[in-house]
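# Observations on the three-dimensional arrangement
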Amino acid sequence: MLTRVENQDFEPSNSGFNSVFRKNRLSIGLVVPLESYSRSPVPEMKQHLERVQLAERLGFSAVWLRDVPFNVPSFGDAGQIFDPFVYLGFLAAGTRSIALGVASIVLPLRHPAHVAKAAASVDQLSGGRLILGVASGDRPEEFPAMNQPFEARGERFRESFGYIRKMAETGASFSSCYGSPSFGMDMLPKTTGGRLPLLVTGGSRQHPDWTAEHADGWMTYPRELPAQQRVISEWRDRLAEMGQPDKPVLQPLYVDLAPDPGAPPRPIHLGMRLGVRYLKSYLNGLRTIGINHVALNLRFNEADIEDTLNRLGDDLLPEFHS
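Time to look at the layout of surface pockets. Approximately 820 Å³ is the volume attributed to the largest pocket. Lining the largest pocket are 36 residues, and of these Arg66, Ala103, Asp138, Thr201 and Tyr221 lie nearest its centre. Secondary-structure elements contributing two or more residues to the lining of the largest pocket are strand 2 (62-65), strand 3 (99-106), strand 7 (249-257) and strand 10 (293-297). The element best represented in the lining of the largest pocket is strand 7, accounting for four residues. Here the lining of the largest pocket is built from residues that sort into 17 nonpolar, 12 polar and seven charged.

Now for empty space enclosed by the protein. What the rule picks out here adds up to one cavity of 30 Å³ or more. For the largest cavity, the calculated volume is near 150 Å³. Forming the boundary of the largest cavity are 15 residues, of which Ile164, Met167, Ala168, Thr191 and Leu196 lie nearest the centre. For the lining of the largest cavity, the elements supplying multiple residues, two or more each, are helix 4 (112-125) and helix 6 (153-166). If one sorts the elements of the lining of the largest cavity by residue count, helix 4 sits on top with three residues. Residues belonging to the lining of the largest cavity are distributed by class as follows: 10 nonpolar, two polar and three charged.

A word on the pairing of strand 1 (residues 27-31). Counting buried positions along strand 1 yields five of five residues, so the element is predominantly enclosed. Here strand 1 shows no split at all, with Ser27, Gly29 and Val31 on one side and Ile28 and Leu30 on the other all buried. The pairing of strand 1 with strand 10 spans four bridges and is classified as parallel. Counterpart to Leu30 in the pairing with strand 10 is Leu296. One ladder, built from two bridges, connects strand 1 with strand 2; its direction is parallel. Within strand 2, the position partnered with Val31 by the bridge is Trp64. What joins strand 1 to strand 2 is helix 2 (residues 48-58), and the crossover it makes is right-handed.

Calculation notes
- Residues numbered from 1 in each chain as written.
- Predicted model: local features only at pLDDT ≥ 70, side-chain atom pairs only at ≥ 80, totals over all residues.
- Heavy atoms only, no water.
- 1 Å grid on protein atoms, 1.4 Å probe; cavity = no way out; pocket = protein on both sides within 12 Å on 5 of 7 lines; lining within 4 Å.
- Points joined across faces, edges and corners; volume = space filled by probe spheres on them.
- Helix = DSSP H or I, 4+ residues; strand = E, 2+ residues; numbered from the N terminus.
- Nonpolar A, V, L, I, M, F, W, Y, C, P; charged D, E, K, R; others polar.
- Buried < 20%, exposed > 50% of the residue type's maximum accessible area, 1.4 Å probe, protein only.
- Pairing = 2+ DSSP bridges.
- Right-handed = clockwise from strand over helix to strand, strands pointing away.

Okay, structure coming up:
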């Protein structure tokens, strides 16, 4: 039996976070690149800005980038190719209202001072539209390439997370494995909302209590609806037991939108091929169990991408974006 969660707002952050995440509501975003590249791990990146601008005009709430330093053969997906922070700056200049998300920056592979500076810069330049997902990393081949120990990624993730949080303060002085800012030095710019919204992806090698206490939200993975309901209920029960405010949950979903609106769902990698009516019903089920945002990934979509975006905008978004 699916039960709808109680209605209340999440604690406010920057404008991107506030527009994407509302309690008891589901918003729809997209994973870039907005193209089909099922036969190759590397997208062509043609018309990539024009498609993000189309998504913004149609009313999608966010676009999501990934942090893929190397095209690792075993992983099979090079993401949007461009460095996420460089690309975020490019998208910030080419859009006006759509939230700009990262799912997720691999913290152990970057110095947190660089992450904090780049993220605050994007947040300022975009008018507060950045939502920063962070993760410990799951591709073992990348760590020796950067002379980092894969086994220590959980500890380094926590240290990096704390460092980034400290950078929101004025003249923070502290010590960590990444360094010891002191002497009154300060990192500029500061973020628009006082502190950057940080969303933890999956477990990130942390105890669930740590994630509930420190994250501003949680990114999880697609599951069958009853299993996802259990996971979301456990997350919110844990928040309540720890005296934490309620925090949003989001997930990705690979979609191949069939031409027939009534086409029944058929499984694909981490998602479904289906008509828009079944997609609408499935997303309503996710909204009912407390998912607050779904990022659609069109990598395996067989139809024309512009046509698919327009069909989703016309037939799907009015159900969820008012």
